[in-house]
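Given next are the chains, with one letter for each unit.
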Amino acid sequence: MAIVVNLDVMMAKRKMTLNELAATVGLTLANLSILKNGHAKAVRFSTLEAICRALDCQPGDILEWREEAEGHG
């Protein structure tokens, strides 16, 4: 997928665990893990807002677009 989720990078910068973020944002650990691992098909703006608030960052700090290589995707 051309959208890369850098949630683990921001969590490391803020020294926050997945469990702490899940509790702060109000998501299940399983759903947050799906997002963190790049397996989510969509993310709600309200969820993205809550994550950005908890990590004190911008959406672009978490989500990144990368062009896919020819023949992939």
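This is a predicted model, so every value here is computed, not measured.

Turning our attention to the confidence of the model for the chain. For the chain, the mean per-residue pLDDT works out to 92, and 92% of the residues sit at or above 70. Within the chain, strand S1 (residues 3–5) has the poorest average pLDDT of any element, 93, and helix H4 (residues 45–55) the best, 97.

A separate point is H4. For an α-helix, 3.6 residues make a turn, and residues three or four places apart therefore share a direction. Those residues of H4 that fall on the buried side of the exposure criterion are Thr47, Leu48, Ala50, Ile51, Cys52 and Leu55. The inward-facing, buried residues of H4 contact helix H1 (7–13), helix H2 (18–25), helix H3 (29–36), helix H5 (59–62) and strand S2 (63–65).

Moving on, we get to the side chain of Asn6. If you trace the backbone, Asn6 turns up in the loop between S1 and H1. Classification of Asn6 by relative accessible area gives buried; the value is 14%. Within polar-contact distance, the side chain of Asn6 engages the side chain of Glu64 at 2.9 Å. Non-local contacts of Asn6, meaning those with residues more than four positions away in its chain, are made with Asp61, Ile62 and Glu64.

Definitions and cut-offs
Residues numbered from 1 in each chain as written. Predicted model: local features only at pLDDT ≥ 70, side-chain atom pairs only at ≥ 80, totals over all residues. Heavy atoms only, no water. pLDDT = per-residue confidence, 0-100. Helix = DSSP H or I, 4+ residues; strand = E, 2+ residues; numbered from the N terminus. Buried < 20%, exposed > 50% of the residue type's maximum accessible area, 1.4 Å probe, protein only. Contact = heavy atoms within 4.5 Å. Polar contact = N/O pair within 3.5 Å; in protein donor to acceptor, adjacent residues only side chain to side chain.

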